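# Analysis of the macromolecular model
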Amino acid sequence: MRSIGLSVLLALATVACGANGDDATDLHGSVTQDQADEAMAALCGIAEGRVTAFDEVQAAFNNRAHETLHHIAEVAQEEDPAAAGALLEAKSVVETDLEEEAEPPAEIADHVAILAEATASAIRVIGLNAGACSA
Amino acid sequence: MRRTVMAGLALSLLAGACSSDEPPASTGPTATSQIVAVPATSDLFAGDPQRVSFGLVRNDNKLISFGDAEVTFSFVGTAAEPTEPQPGPEATATFVPTYGTPDRNGGPAVTSPNEGRGVYQADDVTFDQPGFWTAEVTVVVQGMGTQTAEATVPVLDAPQIPAPGDRAKPTENLTLDSKGVPQGAIDSRAATTGEIPDPELHEWTIARAIAEGRPALVLFATPVFCVSRFCGPVTDMVQELAARYGDRAVFIHVEIWKDYQEQVLNEAATEWLQTPSGDLTEPWLYLIGDDGVILDRWASMWSESDVEAALDELPRMTN
């Protein structure tokens, strides 16, 4: 049994993701184009100043982008560690901003813009489409 | 050294990506359920009581959070010799929120990540033989009713990485005193902030703690480059514990990556966590006794109160 690697766990989890369904052919690793678009839309909303209230910024980042960013980085790491690293570093900066008790720092829109740019690059690395934010 | 680094809860990320309307083949919701159970614990082995955790997610990326879930395990054989399910242990799994995220009373509920996220953890689960075990996870969710999902976990005949009862490896992990290494190799957060935010976790080597007979709580995690959502929060947790329990143990954070861009791992991380297949999971938390023997370990996500209880059992250090 020692020879059963932990990758078995991952394999089993992958099975859970509908490997017998049509979606399997749409997945880039574990990321779909819709998920990538949703994450970019959330980030761009903050970066472009359309989402400014702290609770709305937190909700947009945590609910619409955060998990997908991990997916993207995980997949991109195999192809381009530098792109994945840039995404994760930029994400870490934004997370630090969001740990503030009351209000995020004034630079959060700029930090999210950097994150959006890194995310778009990583999305392209994994073979999906991503444009730039307009701001 | 280029290796695969995985996080236990990367599994949940995979499951979170599920968007198929088709039920999963062998792991996931049952025919009448709308949730997926994702194992969050790795390196399970037969014979000793262990924590076993699951993330519960829906196909729309919403999470199931709070309250308890019931878990029934069944042995389903090995890859070479599958069998009909044989009844195994049963346990109540309690929700463990990600450190720093909301917890609340009441039963399981559907949440967005901003409202609550974590895992359901069953304690003291003993598997009596190695092989594959299926967990049937049942949870009564507000607005959804009773939901049952299945997940299968491999149980080894022995742990692949250090486990309770083993002697701790006398590792010379990087510290603030290490010469000729970038700060980001000591703590990945230094690469983004320009400084190490928790220097008190980077003063001791594991080797020195063992040599001086001091208990040690050792965290292996990469807060920035983690592929799960938990490395940063658990690092914050250990930093906070260090402030309160500095008289019980020394606290050590071992960064996983020496150079992420070049995909080079720190030797201390590989020495402890790399499996024979070359894979490495993180984060892990180890409690080492003053005799150099591992007292406990936690994988992926853990309850602060669990760790507090273990630290409370240690005698106060005299110097």
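Keep in mind it's a predicted model, so treat the numbers as computed, not measured. (Residues numbered from 1 in each chain as written. Chains lettered and ligands numbered in written order. Predicted model: local features only at pLDDT ≥ 70, side-chain atom pairs only at ≥ 80, totals over all residues. Heavy atoms only, no water.)

## Section: the environment of D247 of chain B
Residue and element names in this part refer to chain B.
- Looking at where D247 falls in the secondary structure, it is placed in the loop between α5 (231-244) and β13 (250-254).
- The spacing of D247 and N105 is 142 residues in sequence and 32 Å in space, taken between C-alpha atoms.
- Residues within four places of D247 in sequence aside, it is in contact with P315, R316 and M317. (Helix = DSSP H or I, 4+ residues; strand = E, 2+ residues; numbered from the N terminus. Contact = heavy atoms within 4.5 Å.)

## A short note on the domain arrangement of chain B
All names here are of chain B.
- Per the domain assignment, the segments of chain B are domain 1 (8-155) and domain 2 (183-312).
- Relative placement of domain 1 and domain 2: their C-alpha centres are 26 Å apart.
- Counting residues at the interface gives 21 residues for domain 1, matched by 21 residues for domain 2.
- Of the roughly 1700 Å² buried between domain 1 and domain 2, counting both surfaces, carbon and sulfur atoms make up 56%.
- Our count for the domain 1 to domain 2 interface comes out at 3 salt bridges.
- Two residues, D43 and R297, come together in a salt bridge whose shortest N-O distance is 2.8 Å. (Domains from an automatic or database assignment. Buried area = accessible area lost by both parts, 1.4 Å probe. Salt bridge = Lys/Arg side-chain N within 4 Å of Asp/Glu carboxyl O.)

## Let's talk about the side chain of K91 of chain A
Residues and elements named next belong to chain A.
- Considering the arrangement of structural elements, one finds K91 in helix α4 (residues 81-98).
- Given the relative accessible area of 2%, K91 is considered buried.
- Not counting residues within four places of it along the chain, the set of residues in contact with K91 comprises F61, H66, L69, H70 and L115. (Buried < 20%, exposed > 50% of the residue type's maximum accessible area, 1.4 Å probe, protein only.)

## Notes on the packing of α4 of chain A against helix α5 (residues 108-125) of chain A
All names here are of chain A.
- Direction vectors running N to C along α4 and α5 enclose 155 degrees, while the axes themselves pass 8 Å from each other. When the axes of α4 and α5 are compared, the pair comes out roughly antiparallel. The two elements α4 and α5 cross, and the hand of that crossing is left-handed. On α5, the residues that touch A83, A86, L87, A90, K91, V93, V94, D97 and L98 of α4 are I108, H111, V112, I114, L115, A118, T119, A122 and V125.
- Partitioned by chemical class, the residues of the contact of α4 with α5 number 14 nonpolar, 2 polar and 2 charged. (Axes fitted to C-alpha atoms, helices over the stretch in contact; angles between N-to-C directions. Parallel < 35°, antiparallel > 145°, perpendicular 65-115°, else oblique. Left-handed = near helix turned anticlockwise from the far one by under 90°. Nonpolar A, V, L, I, M, F, W, Y, C, P; charged D, E, K, R; others polar.)

## Brief notes about the state of the cysteines
All names here are of chain A.
- Enumeration over the complete set of coordinates arrives at 1 disulfide over all chains.
- The disulfide partner of C44 is C133, and the gap between their sulfur atoms is 2.0 Å. Here C44 and C133 share a disulfide; its torsion about the S-S bond, -85 degrees, makes the bridge left-handed. With C44 in helix α2 (residues 33-47) and C133 in the segment after α5, this pair connects stretches of sequence that are 89 residues apart.
- Given the relative accessible area of 9%, C44 is considered buried.
- The exposure class of C133 is buried, given its relative accessible area of 15%. (Disulfide = S-S within 2.5 Å.)

## Some words on the pairing of strand β10 (residues 131-141) of chain B
Residues and elements named next belong to chain B.
- Burial runs high along β10: 8 of the 11 residues are buried.
- Bridging between strand β6 (residues 68-77) and β10 involves 6 bridges; their strand directions are antiparallel. In the sheet register, F75 faces β10, and the bridge partner there is W133.
- Looking at chain direction, β10 and strand β11 (residues 145-155) are connected through 11 bridges and run antiparallel. The residue bridging T138 from the neighbouring strand is T148, located in β11.
- Two successive antiparallel strands, β10 and β11, enclose a turn made up of 3 residues, where G143 displays a positive phi of approximately 85 degrees. (Pairing = 2+ DSSP bridges.)

## With respect to the packing of aromatic side chains
Residues and elements named next belong to chain B.
- According to the stated counting rule, one finds 12 aromatic pairs over all chains in the structure shown.
- With centroids separated by 4.2 Å and ring planes inclined at 5 degrees, the aromatic side chains of F225 and Y260 adopt a geometry described as stacked. With a gap of 35 residues between them, F225 in the loop between β12 (216-220) and α5 and Y260 in the loop between β14 (257-259) and β15 (264-265) connect regions that are remote in the sequence. Take F225 and Y260: they sit in the same class, and that class is buried.
- The structure contains a cluster of three or more aromatic residues connected by ring pairs, namely F54, F73, F75, F127 and W133.
- Positioned above the aromatic ring of W204, the side-chain terminus of R208 is 3.7 Å from the ring centre. (Phe/Tyr/Trp six-rings, centres within 6.5 Å; stacked < 30°, edge-to-face > 60°. Lys NZ or Arg CZ within 6 Å of the ring centre and 35° of its normal.)

## Description of the pattern of salt bridges
Residue and element names in this part refer to chain B.
- Tallied over the entire structure, the rule returns 16 salt bridges over all chains.
- Its salt-bridge partner being D296, residue R51 comes within 2.8 Å of it at the nearest N-O pair. Taken as a pair, R51 in strand β4 (residues 50-58) and D296 in strand β18 (residues 294-299) lie far apart in primary sequence, 245 residues in all.
- On the basis of relative accessibility, which here comes to 22%, the residue R51 falls in the partly exposed class.
- For R244, the salt bridge identified is with E240, shortest N-O distance 2.6 Å. Residue R244 and its partner E240 are both found in helix α5; the two are separated by 4 residues, about one turn of the helix.
- A residue is classified by how much of its surface remains accessible, and R244, at 39% relative accessible area, is partly exposed.
- By relative accessible area, E240 is classed as partly exposed at 26%.
- The structure contains a network of salt bridges with shared partners spanning D187, R189, D198 and D236.

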